[in-house]
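# Examining the three-dimensional arrangement
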Amino acid sequence: MGNVALAFGPWFVRSADVGPVAAGFWRLALGAPVLIAFVATMDGNPLRMARGFGWTLAIAGIAFAADLASWHIGILHTTLANATLFGNSATLMFPVWGFLVARAWPTRRQGVALALAAMGAGLLLGRSYDLSPQNLIGDLLCLLAGALYTVYFVMMARVRTAMHALPALALSSIAGTLPLLLFALALGERVWPGSWTALIGLALASQVVGQGLMIYALGHLTPLVVGIALLVQPIIAGTVGWIVYDERLGIPDLAGAILVGIALVLVRAGRTPPGQVASSESEAKS
């Protein structure tokens, strides 16, 4: 559910009448108050559980702000499928981090799942996977966003050992809001929108629902499951691009979707307890 909601983010970014970095600012600025309201209703003061994690949350917020800035700019220079796939290159980076921290090799089933996911990721690019002068910059920016997204995931996985999902997400969102505003202003982007529809959709679908469910999942699933599940996003984003922008999907895209589906079945059928793949409290704090 989190990945389905997040997959509509690039469409909202393209539809907004502000700059791409400014859209990232509004995603956090509009989403954070909603998250804070939820936290205040259910858990009280979010700062109560954040003791000892101030710097981790700050780094997570800044990394996420940099991720959004890079990704949103890249979205305007490549296809939706391309942008979503490269932006989620954490699909492979995050599970690899999990194996390194756990000092463990993936099982045979997990290895097959990762291989299929990698093959599916390449095929999902299909005919749009063309590092030409027109989309090279966009692809590279989205790839950079994927690396920054991995840093964010690593930091939030540490925070989730002591905090619930919503307080952690609310505080990291606040930490990333000001950097995005300053960057948008430095780029000379239009910040104040003429229409709020796309920005409200971006804040609710991506930041509140999508990101909220993903951070919740971090505390309950292995890095491998979270990483491979991210590949659901390019499938949906590619479909939206096909319908709205006539970015047609070819046979390679469909084959990639099938491979990703098989990978998801394999990893869920053979998943291990989170503690075995770098999700235990002792490993996350080391």
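Parameters at a glance
Residues numbered from 1 in each chain as written. Predicted model: local features only at pLDDT ≥ 70, side-chain atom pairs only at ≥ 80, totals over all residues. Heavy atoms only, no water. Phe/Tyr/Trp six-rings, centres within 6.5 Å; stacked < 30°, edge-to-face > 60°. Helix = DSSP H or I, 4+ residues; strand = E, 2+ residues; numbered from the N terminus. Lys NZ or Arg CZ within 6 Å of the ring centre and 35° of its normal. Buried < 20%, exposed > 50% of the residue type's maximum accessible area, 1.4 Å probe, protein only. Axes fitted to C-alpha atoms, helices over the stretch in contact; angles between N-to-C directions. Parallel < 35°, antiparallel > 145°, perpendicular 65-115°, else oblique. Left-handed = near helix turned anticlockwise from the far one by under 90°. Contact = heavy atoms within 4.5 Å. Nonpolar A, V, L, I, M, F, W, Y, C, P; charged D, E, K, R; others polar.

## As for the packing of aromatic side chains
Each aromatic ring pair is characterised by the separation of its centres together with the angle its planes make. Here the structure, examined in full by the defined rule, presents eleven aromatic pairs. An angle of 5 degrees between the planes, with centres 6.1 Å apart, marks the rings of Tyr 149 and Tyr 152 as stacked. Note that Tyr 149 and Tyr 152 are positioned in helix 8 (residues 136–159) at a spacing of three residues, about one turn of the helix. Through pairs of rings, three or more aromatic residues link up here, namely Phe 25, Trp 26, Trp 192 and Trp 196. A cation over a ring is seen here: Arg 14 above Tyr 245, with NZ or CZ 4.7 Å from the ring centre.

## Focus: the environment of Val 244
Its location among the elements puts Val 244 in helix 12 (residues 232–245). Owing to a relative accessible area of 38%, Val 244 belongs among the partly exposed residues under this scheme. As a C-alpha pair, Val 244 and Trp 11 span 233 residues in sequence and 8.8 Å in three-dimensional space.

## Notes on the packing of helix 5 (residues 80–87) against helix 12
Axis separation between helix 5 and helix 12 bottoms out at 7 Å; the angle between their running directions is 160 degrees. One element, helix 5, and the other, helix 12, form an angle in the roughly antiparallel class. When you trace helix 5 past helix 12, the crossing you get is right-handed. Contact with helix 5, carried on its side by Leu 80, Ala 81, Thr 84 and Leu 85, involves Gln 233, Pro 234, Ala 237, Gly 238, Val 240, Gly 241 and Tyr 245 of helix 12 and no other residues of that element. Among the residues making up the contact of helix 5 with helix 12, the classes are represented as seven nonpolar, four polar and no charged.

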